[in-house]
Amino acid sequence: MQESRNRYGGQTSRDVRREAFVVLVSDRRERAERLARGIALVLPCRVIEPGSALPAGPPAAFLVDVATDLTKSGDSGPEGSRESAAWVAAIAASIRASGLPCLYLSRGHAAQDGAAIRLLGGPTVIDPRQPAGIVPTLLRLIGQGRKRGPGAGEGTPQARVERATAVITDLFQAAARGRPPSPAEAEEGTQIVLDTVSEVGIRSWLDLVWRHDLQVYQHSLSVAGFAAAFAAELGFSRSDRQRLAKAALLHDVGKALIPHAILDKPGPLTPEEMRVMRTHAALGADLLAREGAFAPDILAVVRSHHERLDGLGYPDGLKGDEIGDLVRLVAICDVHSALTERRVYRPGLSARAALEIMDAQAGQLDPDLLRVYRPIVARAGSAPPA
């Protein structure tokens, strides 16, 4: 009997009930057709367009690719845009409640991506510009049988990283709107990092975090993970581990106030763009200071994590003893994370290459702390290939 297929290359609803299929949620028809044809080479694919409901049978996974502006309130924007946003929100609620694997394709716009991530409840995120591959990522998620949402894998390391991603997204979105991050959410994110790194180790933490390709959020969670591992290596008390991990989690919050064209540029910055980028440290510290709930040493890390012992850092050109211990610790974690993370324009460096560069910066980074940090570099290893 000949197999019947829909217009996107996937099988009809009668066939997909008998085997795994992917639901593609998209508001861009031509792009959806191209995506569905590629997916259908491996798995049947059902496309859900604006106004449509999800299919009755549970799919193996969801793929979400939407251009609708989700950053505006429900009463703002043209009527068609409001209707489309309401449809996305309703579909997202069903996806979130299903607990099934969900892959979201980043738009490369922090506010839009953050709104989508919140609606979907912490999906796996990839940047379509990266070479990771949509279909391979879908197959990996399906193969893992990863569950998401309330009651589905609650408390597992993966579920905790999903929650941490949602928390850091909320923190950055608040900052982008000029509001200080929530102290309660900062505390929650810190506890997730400390507990999970303690349970599974830094390598597994990074494997979980690096499944998400939103670079600013990924970087913040990576640095916080390195800080948690560093604190344990140093034998810190629980309260000191908490201070260090929280400072690391919040260190780059000022980047929420940097223009997206600069923040997401897939290549080196011009001198003027670099000048603007370097304002993020002071902007972040000033924003947190308005809340009044963050300790002075946290504010110092946010403002001064790019200061260097030789006085060549920014924003204040501090040097030597002017740079506090907490700042020195986070600076090492920040540099390590930046060197080993994948970027659009380059792969992450190997652990050995990163350590060589960090050793060469011993006049800028604290050399005694750097020696203690070396085992963290070894345990963390290198970013997995894209």
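If you're wondering where the values come from, they're calculated on a predicted model, not measured in any experiment.

(A) Representation of the overall build of the protein chain in the model. Counting secondary structure elements, the protein chain contains 16 helices and five strands. Across the 386 residues of the protein chain, 52% fall into the buried class. In the protein chain, of all internal contacts separated by at least 6 residues, the share reaching a separation of at least 24 is 68%. Carbon and sulfur atoms form 54% of the exposed surface of the protein chain, whose accessible area is close to 16,300 Å².

(B) Region of the structure containing the sheet that holds strand S5 (residues 124-126). On the basis of which strands lie adjacent, the open sheet formed by five strands has the order S2-S1-S3-S4-S5 and parallel pairing. Each edge of the open sheet is held by one strand with a lone partner, namely strand S2 (45-48) and S5. The sheet shows a mean angle of 20° between the axes of neighbouring strands, direction not considered. Sheet analysis places strand S3 (residues 61-65) next to strand S4 (residues 102-105), joined by three bridges and oriented parallel. Within S4, the residue paired with Phe 62 across the bridge is Cys 102. Contacts between helix H4 (residues 110-120) and the sheet are confined to S3, S4 and S5, with S4 contributing the most and set at about 165° to the helix.

(C) Region of the structure containing the packing of aromatic side chains. Summed over the entire model, instances satisfying the criterion amount to two aromatic pairs. Ring centres of Phe 172 and Tyr 217 lie 5.4 Å apart, and the angle between their planes is 70°; this geometry places the pair in the edge-to-face category. Taken together, the positions of Phe 172 in helix H6 (residues 157-176) and Tyr 217 in helix H8 (residues 215-233) put the pair 45 residues apart, joining distant regions of the chain. Accessibility assignment for this pair places Phe 172 and Tyr 217 in one class, buried.

(D) Highlighting the pattern of salt bridges. For the structure on display, the rule yields 19 salt bridges. Residue Arg 28 is joined to Asp 65 by a salt bridge in which the shortest nitrogen-to-oxygen separation is 2.8 Å. Residue Arg 28 is located in the loop between strand S1 (22-26) and helix H2 (29-40), and its partner Asp 65 is located in strand S3; the two are separated by 37 residues in the primary sequence. Judged by its relative accessible area of 1%, Asp 65 falls in the buried class. Arg 203 is the partner of Asp 207 in a salt bridge, and the nearest nitrogen-oxygen pair spans 2.7 Å. Taken together, the residues Asp 207 and Arg 203, both in helix H7 (residues 183-209) and four residues apart, mark about one turn of the helix. Assessed through its relative accessible area of 33%, Asp 207 is described here as partly exposed. Through salt bridges with shared partners, one network takes in Arg 28, Arg 31 and Asp 65.

(E) View of the nonpolar core. Membership of the largest hydrophobic core comes to 67 residues, with the highest contact counts inside it found for Trp 205, Phe 226, Leu 250, Leu 288, Ile 332 and Tyr 373. For Tyr 373, the residues in contact, after removing those within four places along its chain, are Phe 226, Phe 230, Ile 332, Cys 333, His 336 and Met 358. Counting residues in hydrophobic clusters, the runner-up holds 22 residues, among them Val 64, Val 66, Trp 87 and Ala 92.

(F) Quick peek at the side chain of Ser 222. Within the secondary structure, Ser 222 is located in helix H8. Judged by relative accessible area, which is 0%, Ser 222 ranks as buried. From its side chain, Ser 222 meets the backbone oxygen of Gln 218 in a polar contact 2.9 Å long. The contact partners of Ser 222, leaving out residues within four places of it in the chain, are Trp 205, Leu 206, Val 209, Trp 210, Ser 337 and Glu 341.

(G) Inspection of H6 at higher detail. When the terminal C-alpha atoms of H6 are compared, their 28 Å separation across 20 residues agrees well with the 28 Å that a helix rising 1.5 Å per residue should span. When you tally the buried positions in H6, you get 18 out of 20 residues, the bulk of the element.

(H) Broad picture of the pairing of S4. Across the two faces of S4 the burial is the same, with Cys 102 and Tyr 104 and Leu 103 and Leu 105 all buried. Sheet topology places S4 next to S5; three bridges connect them, and they run parallel. Paired with Tyr 104 across the two strands is Val 125, which belongs to S5. Handedness of the crossover is the feature at issue here: the chain leaves S4, passes through H4, returns alongside S5, and the resulting connection is right-handed.

(I) Seen up close, the confidence of the model for the protein chain. Residues with a pLDDT of 70 or more make up 85% of the protein chain, whose mean pLDDT is 84. Ranking the elements of the protein chain by mean pLDDT puts helix H1 (residues 13-16) last, at 37, and helix H13 (residues 296-304) first, at 97. Confidence drops under pLDDT 50 across residues 1-18; counting only partners more than four residues distant or on other chains, this segment forms 36 contacts. The low-confidence segment residues 146-154, where pLDDT is below 50, has 29 contacts with residues more than four positions distant or belonging to other chains.

Cut-off values and rules
Residues numbered from 1 in each chain as written. Predicted model: local features only at pLDDT ≥ 70, side-chain atom pairs only at ≥ 80, totals over all residues. Heavy atoms only, no water. Helix = DSSP H or I, 4+ residues; strand = E, 2+ residues; numbered from the N terminus. Buried < 20%, exposed > 50% of the residue type's maximum accessible area, 1.4 Å probe, protein only. Contact = heavy atoms within 4.5 Å. Areas by Shrake-Rupley, 256 points an atom, 1.4 Å probe, with all protein chains shown as cover. Pairing = 2+ DSSP bridges. Axes fitted to C-alpha atoms, helices over the stretch in contact; angles between N-to-C directions. Phe/Tyr/Trp six-rings, centres within 6.5 Å; stacked < 30°, edge-to-face > 60°. Salt bridge = Lys/Arg side-chain N within 4 Å of Asp/Glu carboxyl O. Core = buried A, V, L, I, M, F, W, Y, C linked by side-chain atoms within 4.5 Å. Polar contact = N/O pair within 3.5 Å; in protein donor to acceptor, adjacent residues only side chain to side chain. Expected span 1.5 Å × (residues − 1). Right-handed = clockwise from strand over helix to strand, strands pointing away. pLDDT = per-residue confidence, 0-100.

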